[in-house]
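# Summary of the model geometry
Chain by chain, the residues run as shown.
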Amino acid sequence: MTPARKPASFSIHQLKVTLKGSRPPIWRRIQVGSDITLDELQQTLQVAMGWTDSHLHQFIVDETHYGEPDPDSWIEMKSERRAKLSQVAPYPGSRFIYEYDFGDGWEHGILVEKVLPAEEGVRYPRCLKGRRACPPEDCGGSWGYADLLEIIKDPSHEEYESMWAWLGVSFDPEAFDLDGVNWALTSI
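Residues numbered from 1 in each chain as written. Predicted model: local features only at pLDDT ≥ 70, side-chain atom pairs only at ≥ 80, totals over all residues. Heavy atoms only, no water.

## Here we look at the environment of D138
- Along the polypeptide, D138 turns up in the loop between strand 8 (126-131) and helix 3 (141-153).
- In this structure the C-alpha to C-alpha distance between D138 and Y124, which are 14 residues apart in sequence, comes to 30 Å.
- Every residue in contact with D138, bar those within four places of it in the chain, is listed here: H55, D101, D104 and W166. (Helix = DSSP H or I, 4+ residues; strand = E, 2+ residues; numbered from the N terminus. Contact = heavy atoms within 4.5 Å.)

## Some words on the environment of S11
- Checked against the element boundaries, S11 lands in strand 1 (residues 11-19).
- Note on S11: relative accessible area 25%, which makes it partly exposed.
- Placed 61 residues apart in sequence, S11 and D72 show a C-alpha to C-alpha distance of 37 Å.
- At a separation of 2.8 Å, a polar atom in the side chain of S11 contacts the side chain of S34. (Buried < 20%, exposed > 50% of the residue type's maximum accessible area, 1.4 Å probe, protein only. Polar contact = N/O pair within 3.5 Å; in protein donor to acceptor, adjacent residues only side chain to side chain.)

## As for the state of the cysteines
- Tallied over the entire structure, the rule returns zero disulfides.
- The thiol of C134 is unpaired, and the distance to the nearest cysteine sulfur, on C139, comes to 8.6 Å.
- Classification of C134 as buried rests on a relative accessible area of 10%.
- Its relative accessible area of 12% is what places C139 among the buried residues. (Disulfide = S-S within 2.5 Å.)

## Section: the layout of surface pockets
- Roughly 330 Å³ of volume is contained in the largest pocket.
- Together, 18 residues line the largest pocket, and R28, M49, G50, A133 and C134 are the ones closest to its centre.
- If you tally residues by element for the lining of the largest pocket, the top one is helix 1 (residues 38-49), at three residues.
- In the lining of the largest pocket, the residues fall into twelve nonpolar, three polar and three charged. (1 Å grid on protein atoms, 1.4 Å probe; cavity = no way out; pocket = protein on both sides within 12 Å on 5 of 7 lines; lining within 4 Å. Points joined across faces, edges and corners; volume = space filled by probe spheres on them. Nonpolar A, V, L, I, M, F, W, Y, C, P; charged D, E, K, R; others polar.)

Right, here's the structure in full:
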C-alpha cells in the first residue's frame, strides 16, 4: 500500500490513551490527523486498543458529551461526527475521556502529548507504542477483568477451565502486537 501524502501544513495530534483502572496499565501512543472528527477517532481507538466496536461509546470533554445523539437519553449528546479533535483538544496537555461499553464502563484517559507537523510519506493514523493486551469484551469492566486474570493464573481455581473456554483462544494479557495494530489501522 502506498503511504498517504498530506500537504506540508497538515498537523497531527500525538495522543496517549490509557485504560483507566487497569493494573498494570494498558495504554497506546497513537498519532492521528488533527482535523479528524471524534467519530473517526473512535474508529481509530477501537483498532488501537483492540476492542470490537460492539457497544455504545461517548467522549467527555470537560462537561460536554459527544457521541451519537439520542433523543431518549437524559444526557445531552453533541454529534461526534461534527466535532473535530483540533477543536475539542487543541493543545498539548489537553485531556478528555473516551468511554466504551456503558455496561462494563471502560474509561480511557486521553492526553494530547504533542501537536506536530505531519512527516512526509507517513500514513496516519499510526500507533507508536503500547503495553499489554486489551481486555476481552464483556468481561465485566476493570473489576471483572482483574478477577479473570486471577482465575486464569490459577489452574486449581474452580472456574479456570470455564474461563479459558469462554476466552476461546490463547490469551496473553501481557501481549501487544504493534505491527498488527498498525496493519489494522491501514483499513481506516
